[in-house]
Amino acid sequence: AIFLYLAGVFLSLKYVNENRKRDFILLLAVIFISTLIRETACLNIAFFAALTVNIKRISSLPFKRIAETTVLIVAFLVPYIALRMLIPQEASFAEGLYIKQNFSSPYNLAGLLFGVLAVYFFYHLSALPEKKILKNYLFFATPYLLMIALVGLFWETRLFLPIILTALLTASGSFSKKSFSA
């Protein structure tokens, strides 16, 4: 799941840099396939949106960016819904709601602190343009973060790993200079 997530990040960067349809089609395929493995694939959409959508100018967003992001969302939703329909679900959507445990257990609070401090550390290592990308990414990743709080356990730091890796890549990359081509 992490490999496919990072492949999606790489393809997003290549597409934004080189604007080749092949990279976008590969990104669609990666999101589709990785959704069959883990829901973390939705973070590829958040990363793509962080690179291409200016939140402050969202009302003047070009139709091309709206269409691209919509197609990525569909590439996530189709396998996600298909899996839920094809595989009999005896269990509920989630095992339970863990919001109370997440904010009361010292183990869960330690996991949350780890995730927050790691992202905070990499945020402060980032240059100003990359800080904007990371802020946008965290904004677009909000549904994922809310689901972690509701149905995940904070001590499972693997849930924060894609966000931490993205923060690390953002801090180490120079996305504003578009020096991320292969």
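Note that the structure is a prediction, hence the values are computed from the model and not measured.

Conventions used here
Residues numbered from 1 in each chain as written. Predicted model: local features only at pLDDT ≥ 70, side-chain atom pairs only at ≥ 80, totals over all residues. Heavy atoms only, no water. Core = buried A, V, L, I, M, F, W, Y, C linked by side-chain atoms within 4.5 Å. Buried < 20%, exposed > 50% of the residue type's maximum accessible area, 1.4 Å probe, protein only. Helix = DSSP H or I, 4+ residues; strand = E, 2+ residues; numbered from the N terminus. Patch = residues over 30% accessible without salt bridge, like charges linked within 9 Å, V, L, I, M, F, W, Y side chains within 5 Å. Areas by Shrake-Rupley, 256 points an atom, 1.4 Å probe, with all protein chains shown as cover. Salt bridge = Lys/Arg side-chain N within 4 Å of Asp/Glu carboxyl O. Lys, Arg positive; Asp, Glu negative; His and termini not counted. Contact = heavy atoms within 4.5 Å.

S.K.: Can you walk me through the nonpolar core in this structure?
M.R.: Generally speaking, nonpolar side chains in soluble globular proteins are found buried as a group. Of all hydrophobic cores here, the largest spans 27 residues; its most connected members are Leu-43, Phe-47, Tyr-137 and Ile-163. Secondary structure elements with two or more residues in this core: helix 1 (2-18), helix 3 (42-52), helix 6 (106-125), helix 7 (128-140), helix 8 (142-151) and helix 9 (161-172). Per-element tally for this core: the top contributor is helix 3, with 5 residues. Core analysis: the second largest hydrophobic core is formed by 16 residues, Ala-7, Phe-24, Phe-48 and Ala-75 among them.

S.K.: When you look at a nonpolar patch on the surface in this model, what are you seeing that I'm missing?
M.R.: The grouping of Phe-32, Ile-33, Leu-36, Ile-37, Val-74 and Val-78 at the surface amounts to a nonpolar patch, some 520 Å² of accessible area in total. Within the element layout of this structure, Phe-32 appears in helix 2 (residues 21-37).

S.K.: Please clarify how the side chain of Lys-131 should be interpreted in this entry.
M.R.: Relative to the elements of secondary structure, Lys-131 occurs in helix 7. No salt bridge is formed by the buried Lys-131; its nearest oppositely charged neighbour, Glu-130, is found at 9.3 Å. Non-local contacts of Lys-131, meaning those with residues more than four positions away in its chain, are made with Tyr-123, His-124 and Ser-126.

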